[in-house]
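Fold and geometry: a report
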Amino acid sequence: MIREARREDLDQMLELYLYLHEDGIPEHDDHLYEVWDKIIGDEDYHVIVCEIDGKIVSSCCCYIIYNLTHNVRPFALVEYVVTHEDYRCHGYASDCLAKAKEIAISHNCYKIMLMTGSKRESTLNFYRQAGYRSDDKTGFNQKL
């Protein structure tokens with residue numbers, strides 16, 4: 001089942017992110033819960049999950065970003081695409097990306113941007129097969 005994350009999904013999300021780039025689960029303190037509540041309470045921040053038999057096995061985040069260009073239409077940014085290693089190659093991440101696209105269309109976005117830190121050709125081909133292009137923009141980031 002593809003759906004948006006709920007408050008009670010926090011622990012499963014933190015465990016899933018261990019397959020992304022995290023090397024540990026943060027301390028369960030007031031700050032963690034405050035941030036999670038802000039995330040799931042923000043109507044423009046969509047944490048999309050794929051749940052199989054009560055377990056969250058894949059996820060991505062889709063952010064709607066408003067701006068004054070392109071006839072005052074927003075764009076969507078997709079980040080944190082991750083699938084539990086035991087559930088890969090079953091189309092779950094593709095389903096999450098399809099839901100992100102559906103959300104972007106429903107918000108009248110003119111484009112979806114996706115960033116990845118992966119250099120693996122299999123990962124890059126996965127994004128290409130999902131309809132994303134890497135030949136028309138140059139991405140940069142600055143670590144703070």
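Here is a short report on the structure shown in this document. In every chain, residue numbers begin from 1 and rise along the written sequence. Local features in this predicted model are restricted to residues whose pLDDT is 70 or higher, and side-chain atom pairs enter the listing and the counts only when it is 80 or higher, whereas totals over whole chains, interfaces and linings include all residues. Side-chain calculation: all heavy atoms of the structure are included, whereas hydrogens and water are not.

Next up on the list: helix α3 (residues 92–106). Secondary structure elements are taken from DSSP: a helix is a run of H or I of four residues or more, a strand is a run of E of two residues or more, and numbering for both begins at the N terminus. Here the expected span of a helix is defined as 1.5 Å times the quantity of residues minus one. Taking 1.5 Å per residue as the helical rise, α3 with its 15 residues ought to reach 21 Å, and the 21 Å between its terminal C-alpha atoms agrees with that figure. Of the residues making up α3, those classed as buried are Tyr92, Ala93, Cys96, Leu97, Ala100, Ile103 and Ala104. Viewed end-on, α3 has its buried residues packed into an arc of 140°, placing them on one side of the element. Every exposed residue of α3 that faces more than 90 degrees away from the buried side is listed here: Ile105 and Ser106. Trailing α3 by a residue or two, Asn108 shows a phi angle of about 60°, which is positive. Burial status follows relative accessibility: with a 1.4 Å probe on protein chains alone, a residue under 20% of its type maximum counts as buried, one over 50% as exposed, and anything between as partly exposed. Taking the helix axis as origin, the arc is that swept by the directions to the C-beta atoms.

A few words now on the sheet that holds strand β1 (residues 2–4). For two strands to be treated as a pair, DSSP must find no fewer than two bridges joining them. With mixed pairing, the five strands of this open sheet are ordered in space as β1-β2-β3-β4-β5. Two strands close off the open sheet at either side, each with one partner strand: β1 and β5 (112–114). Taking each pair of neighbouring strands and ignoring which way they run, the sheet shows an average axis angle of 30°. Two strands pair when backbone bridges link them, and strand β2 (residues 45–52) and strand β3 (residues 55–65) are joined in this way by eight bridges, in the antiparallel orientation. Directly across from Ile52, in β3, lies its bridge partner Lys55. For helices, the fitted line uses only the C-alpha atoms of the stretch in contact; every axis is such a line through C-alpha atoms, and the angle between N-to-C directions lies from 0 to 180 degrees.

Take the environment of Cys50 next. Along the chain, the position of Cys50 falls in strand β2. For the pair formed by Cys50 and Tyr17, sequence separation is 33 residues and the distance between their alpha carbons is 14 Å. When sequence neighbours within four positions are dropped, the list of residues in contact with Cys50 reads Met1, Ile2, Lys55, Ile56, Val57, Ser58, Tyr92 and Cys96. Contact between two residues is taken to exist if any of their heavy atoms lie within 4.5 Å; hydrogens are not considered.

For Val57, the location among the structural elements is in strand β3. The exposure class of Val57 is buried, given its relative accessible area of 0%. Note: C-alpha distance between Val57 and Val82 (25 residues apart in sequence) is 8.4 Å. Residues within four places of Val57 in sequence aside, it is in contact with Leu16, Cys50, Ile52, Val82, Thr83, His84, Tyr87 and Tyr92.

Among the nine residues that make up strand β4 (residues 75–83), eight are buried, leaving the element largely enclosed by the rest of the structure. As judged from the seven bridges shared by β3 and β4, these two strands associate in the antiparallel manner. Bridge pairing links Ser58 to Thr83 in β4. Pairing of β4 with β5, which is carried by three bridges, proceeds in the parallel orientation. Paired with Leu77 across the two strands is Met113, which belongs to β5.

The rule is short: rings of Phe, Tyr and Trp, with Trp giving its six-membered ring, pair when the centres are within 6.5 Å, and they are stacked under 30 degrees, edge-to-face over 60, tilted in between. With the rule as written, the count across this model stands at five aromatic pairs. The interplanar angle of 85° and the centroid separation of 4.6 Å between the aromatic rings of Tyr45 and Tyr63 together place this pair among those described as edge-to-face. Of this pair, Tyr45 sits in strand β2 while Tyr63 sits in strand β3; the two residues are 18 residues apart in sequence, bridging distant segments of the chain. Here, a charge over a ring means that NZ of Lys or CZ of Arg falls within 6 Å of the ring centre while also lying within 35 degrees of the ring normal. Positioned over the ring face of Phe75 is Lys111, at 5.5 Å from the centre of the ring.

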